[in-house]
Amino acid sequence: MTDMPNWEGFMIPTLKVMSDGIIRHWREFQPLVADQAQLTDEQRKEMLPSGSALKYENRIGWGVSFLTNVGALRRPKRGHYQITDAGKQLIELFPDGAKERDIKALGADPSSPIREYVATTTRKTSDSATTAPTEESSMTPTEQVQSGIERIHDEIAVELLARLQDKDPGFFEQAVVDLLLSMGYGGTTGAGSVTQLSNDGGIDGVIDQDILGLNRVYIQAKRYQDGNTVGRPDLQAFVGALSGKADSGVFITTSRFSDGARTYAENVPTRIILIDGTRLTSLMIRYGVGVQVKETYKVIEIDEDFFA
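Bear in mind that the values here come from a model prediction, so they are computed numbers and not experimental data. (Residues numbered from 1 in each chain as written. Predicted model: local features only at pLDDT ≥ 70, side-chain atom pairs only at ≥ 80, totals over all residues. Heavy atoms only, no water.)

A look at the overall build of the chain
Here comes step 1: Of regular secondary structure, the chain possesses 12 helices and eight strands.
Here comes step 2: The buried share of the chain, taken over its 308 residues, is 40%.
Here comes step 3: Within the chain, contacts between residues separated by at least 24 positions form 60% of all contacts whose residues are at least 6 apart in sequence.
Here comes step 4: Accessible surface, the chain as shown: approximately 17900 Å² in total, 49% of it carbon and sulfur. (Helix = DSSP H or I, 4+ residues; strand = E, 2+ residues; numbered from the N terminus. Buried < 20%, exposed > 50% of the residue type's maximum accessible area, 1.4 Å probe, protein only. Contact = heavy atoms within 4.5 Å. Areas by Shrake-Rupley, 256 points an atom, 1.4 Å probe, with all protein chains shown as cover.)

Quick look at the pairing of strand β6 (residues 216–222)
Here comes step 1: The buried fraction of β6 is high, at five of seven residues.
Here comes step 2: In this sheet, β6 lies alongside strand β5 (residues 205–208) in antiparallel orientation, the contact comprising four bridges. Across the sheet, the residue bridging to D208 is R216, located in β6.
Here comes step 3: Pairing between β6 and strand β7 (residues 248–253): four bridges, direction parallel. What sits directly across from K222, in β7, is T253.
Here comes step 4: Between β6 and its parallel partner β7, the chain crosses via helix α9 (residues 232–242), and the hand of that crossover is right-handed. (Pairing = 2+ DSSP bridges. Right-handed = clockwise from strand over helix to strand, strands pointing away.)

Some details on the side chain of Q30
Here comes step 1: Here Q30 is to be found in helix α2 (residues 26–36).
Here comes step 2: For Q30, a relative accessible area of 5% puts it in the buried group.
Here comes step 3: Among residues more than four places away in sequence, those in contact with Q30 are Y56, E57, I60 and G61.

Topic: the nonpolar core
Here comes step 1: Grouped together as the largest cluster of nonpolar side chains are 30 residues, with contacts concentrated most on L15, F29, L67, L90, I103 and I114.
Here comes step 2: Among the secondary structure elements, those contributing two or more residues to this core are α1 (11–17), α2, α4 (55–69), β3 (80–83), α5 (85–93) and α6 (100–107).
Here comes step 3: Each residue touching L67, except ones within four places of it in the same chain, is listed here: M11, T14, L15, A72, L73, L90 and I103.
Here comes step 4: Judged by nonpolar contacts, the second largest core, of 21 residues, contains I207, I252, I275 and M284. (Core = buried A, V, L, I, M, F, W, Y, C linked by side-chain atoms within 4.5 Å.)

Some remarks on the sheet that holds strand β2 (residues 73–77)
Here comes step 1: Strand order in the open sheet made by the three strands is β1-β3-β2, with antiparallel pairing throughout. Each of the sheet's edge strands pairs with one partner strand only, and the pair in question is β1 (24–25) and β2.
Here comes step 2: One ladder, built from two bridges, connects β1 with β3; its direction is antiparallel. Across the sheet, R24 pairs through a bridge with Y81, a residue of β3.

Comments concerning α9
Here comes step 1: Within the span of α9, buried status applies to L235, F238, V239, A241 and L242. Considered in projection along α9, the buried side chains sweep an arc of 160° and stay on one side of the axis.
Here comes step 2: Against the buried residues of α9 lie β6, β7, α10 (259–267) and β8 (271–275).
Here comes step 3: Of the residues flanking the end of α9, it is G244, one or two places downstream, whose phi is positive at about 85°. (Arc of directions from axis to C-beta.)

Brief notes about the packing of helix α8 (residues 169–182) against helix α11 (residues 277–287)
When two helices pack together, their arrangement is given by the angle between the helix axes and the distance between those axes.
Here comes step 1: Two numbers describe how α8 lies on α11: the axes approach to 10 Å, and their chain directions differ by 55°. On the basis of the axis angle, α8 is oblique to α11. Judged by the sense of rotation from one axis to the other, the crossing of α8 with α11 is left-handed. Side by side, α8 and α11 meet where F172, L179 and S182 of the first sit next to L280, L283, M284 and Y287 of the second.
Here comes step 2: Across the contact of α8 with α11, the residue classes tally to six nonpolar, one polar and no charged. (Axes fitted to C-alpha atoms, helices over the stretch in contact; angles between N-to-C directions. Parallel < 35°, antiparallel > 145°, perpendicular 65-115°, else oblique. Left-handed = near helix turned anticlockwise from the far one by under 90°. Nonpolar A, V, L, I, M, F, W, Y, C, P; charged D, E, K, R; others polar.)

A word on the packing of aromatic side chains
Here comes step 1: Here the structure, examined in full by the defined rule, presents four aromatic pairs.
Here comes step 2: Consider the rings of W7 and F66, whose centres lie 5.7 Å apart with planes at 70°: the pair is edge-to-face. Residue W7 is located in the segment before α1, and its partner F66 is located in helix α4; the two are separated by 59 residues in the primary sequence. Both residues of the pair, W7 and F66, count as buried.
Here comes step 3: When the ring of F238 is compared with that of F251, the centres are 5.6 Å apart and the planes differ by 85°; the resulting orientation is edge-to-face. On the criterion of sequence distance, the pair formed by F238 in helix α9 and F251 in strand β7 is long-range, its members being 13 residues apart.
Here comes step 4: Between the NZ or CZ atom of K167 and the centre of the ring of F171, over which it lies, the distance is 5.2 Å. (Phe/Tyr/Trp six-rings, centres within 6.5 Å; stacked < 30°, edge-to-face > 60°. Lys NZ or Arg CZ within 6 Å of the ring centre and 35° of its normal.)

Keep in mind that these numbers describe shape and distance, not what the molecule does.
Structure below.
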């Protein structure tokens, strides 16, 4: 699969779509720009690392913002855009695509209809023709922030797993109960407990789903090292422990499940949810169990209502 154009690569396709002079809402012309850029179905489905938006829409948005700032597009009303004479000139000058530096150079020419662009920060672009593009240079600032956060989460996940594996089994069992409670299991009272280690009958934790405790979530927690895989016999023992108590349960481990264990879980009448080490740490980070927020960054955008 070919790489998706970076935010600069969407500028000329955007201007070509808008070259008829029609005023369009950004939601209307973004799919048209995707057509113009010949994006594949897979590229149209790519999400930002946070999963909050489609990647191609985010990149078009940054391109549109830049084009508006330099006068190639104008915004006649909230969320709507129209090409200008300067934008039409850019299509003639750069029919095969333009870089940020190309357009900025025009802005420095007093005779050019392109306005000079002044920013307090410089976008990460390949400013030198001799510098090979990097993955970071193709990202919008939003993508760079989210990618950085994703890398931090990956590093924290590795440390989380190591910490859990170093603790005693009782600590791990309580940790998984705390996680499920944080995820919303436990009903209105949030009642959950770890069973007695000496007589748990294959069940390590129980969470009441209602005030009277009529519905419960049963948990099995295996604090294994990476090389110690949870196999089918472990799941069979858990299903046996659930017999007469519940028709479902959650099996959580710090390692992983064998293919045989996963096949068994998919076919046994008792519904068993499997959470391996990778998913476990992801959920702990998402729901704030065993981690805390160190710093908070705010990403701002123009308040369209203010200028309406």
